[in-house]
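Given next are the chains, with one letter for each unit.
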Amino acid sequence: MPKSELYELAEKYRPEFPIFRSASYLNSCSLGALSQRSRAALSEFADLWDRRGASAWYEHWLNACDDTRAAFARLVGADVSETALAPSISAALSSIVSAVDFGVRPKVVTSELDFPTLVYQFLARGADGIETVVLPSPDGVSVPLESFAETIDERTALVATSHVYFTSGAIQDVAALARLAHERGALCLIDAYQSTGQLPVDARELGVDFLLSGALKWLLGGAGLAYVYVRGPLIEGLEPTAVSWFGVEDQFAFDPMAFKLRADARRFELGTPAVPTVYTARAGLQLIDEVGVERIRRRVSSLTEDLLQRALAAGFRVRSAADPEKRSGIVMVEHPDPAVAVRRLAEAGVIVDHRPGAVRFSPHFYNTTDDSQKAIRVLGG
Ligand SMILES: Cc1ncc(COP(=O)(O)O)c(C=O)c1O
């Protein structure tokens, strides 16, 4: 990435994030930093609540939900009818999984590097006959495509795994996984929470059936909202049993006997969304769109490589994909006592996180190499 573009991004956008006045924030894979736009959006929500009460629903809040679905659709190259809002990835999963037929195909293929909430959906339904295969990772970084290829078979209903592993930042070849699943008659569900917002993601190009994300992390929208994509032609054949009044055709008829699922992906919606987060999330999506995911990918790649090289030069071992193209903005630096290291970093004004055996850094487009320099200096000191 040309140096000028790098500086331009930092100079232009860093002031939007007040946290940088007091800290080097390197934890976007946990929680994206709060922008002034999202804070202003939150105030706008509160003002409407205050001035309009419930009438704000019809004049503002339902429109804000529509805008947010549309913005997510644009982000992942989908039609808005293929998108829905959910309270969390876990809730979205429960609705989707309730619609999948495991009768003839009882098997689900996941991996040990996936976020636990994904795997739990299937383990919890073991008594219903669901057989969950949790593929091991030989290196703690990724799971070879061959392992999926050997395991997905004619008894597999679903391949459910991540685009970017939260444990290592490694990028999976999702297009190849979707092809493998489809060749054997299975569906492919991708947890893209750690990829959307830091990598270009095109759900149709990837060929996946379901793609899940949320506002919290790289999409800079705060806690309480997840995004769902379901491939258009599949929707009408999927009938969730975890349902809500937001998922039916005539929501405002208030008729308990008029149960007809919507024809679009909103049949997977589960009740009243967290409107404050819809406001902050919409602002987050606008900001990501303005900066541009292609540019963010270039920026985050260069920050990731810089951080990784600094950590290696300081004598640390780093858990990351061998191929730089497969690395994303999550850098796991191995440490004998990561919790203590994270506390020490916080005292020095560097906010990061830890996972078993490693301190986790996750730079976004608003970071600079000064943040990484300081972080590694404190970690090594
Ligand atoms: C990859 C991934 N999937 C799912 C989750 C959890 O999602 P939720 O809390 O919305 O269910 C997280 C993280 O916090 C995550 O990193």
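Residues numbered from 1 in each chain as written. Predicted model: local features only at pLDDT ≥ 70, side-chain atom pairs only at ≥ 80, totals over all residues. Heavy atoms only, no water.

> Describe the packing of helix H2 (residues 36-52) against helix H9 (residues 275-291), with residues and values.
In contact at an axis separation of 8 Å, H2 and H9 are set at 150 degrees when each is read in the N-to-C sense. Note that H2 runs across H9; the crossing there is right-handed. Each of Arg-37, Ser-38, Ala-41, Leu-42, Glu-44, Phe-45 and Leu-48 in H2 lies in contact with H9, whose residues at this interface are Val-275, Pro-276, Tyr-279, Thr-280, Arg-282, Ala-283, Gly-284, Leu-287 and Glu-290. In terms of residue class, the contact of H2 with H9 is made up of nine nonpolar, three polar and four charged. (Axes fitted to C-alpha atoms, helices over the stretch in contact; angles between N-to-C directions. Helix = DSSP H or I, 4+ residues; strand = E, 2+ residues; numbered from the N terminus. Left-handed = near helix turned anticlockwise from the far one by under 90°. Contact = heavy atoms within 4.5 Å. Nonpolar A, V, L, I, M, F, W, Y, C, P; charged D, E, K, R; others polar.)

> Any details on the packing of aromatic side chains? Residues and values, ideally.
A complete count under the given rule lists 16 aromatic pairs for this structure. Taken together, a centroid distance of 4.9 Å and an interplanar angle of 35 degrees make the contact between Phe-45 and Trp-61 tilted. Placement of Phe-45 in helix H2 and of Trp-61 in helix H3 (residues 55-75) is noted, with a sequence separation of 16 residues between them. The residues Phe-45 and Trp-61 share a single accessibility class, namely buried. Within the aromatic cluster, the residues linked to one another by ring pairs are Tyr-13, Phe-17, Phe-20, Phe-365 and Tyr-366. Looking at Arg-14, its charged tip hangs above the ring of Phe-20, at a distance of 4.1 Å from the centre. Geometry around Tyr-279 places Arg-282 over its ring, the cationic atom sitting 4.9 Å from the centre. (Phe/Tyr/Trp six-rings, centres within 6.5 Å; stacked < 30°, edge-to-face > 60°. Buried < 20%, exposed > 50% of the residue type's maximum accessible area, 1.4 Å probe, protein only. Lys NZ or Arg CZ within 6 Å of the ring centre and 35° of its normal.)

> I'd love a proper account of the nonpolar core, names of residues and values included.
Phe-148, Val-208, Leu-211, Tyr-227 and Phe-365 are the most contacted members of the largest nonpolar core, which totals 66 residues. The leading source of residues in this core is H9, at nine residues. Here this core gathers at least three residues from each of two domains, domain 1 (3-30 + 292-380) and domain 2 (43-288). Membership of the second largest hydrophobic core comes to 31 residues, among which are Ile-130, Leu-189, Leu-212 and Phe-268. (Core = buried A, V, L, I, M, F, W, Y, C linked by side-chain atoms within 4.5 Å. Domains from an automatic or database assignment.)

Fair warning: the whole summary comes from geometry, so function is off the table for now.
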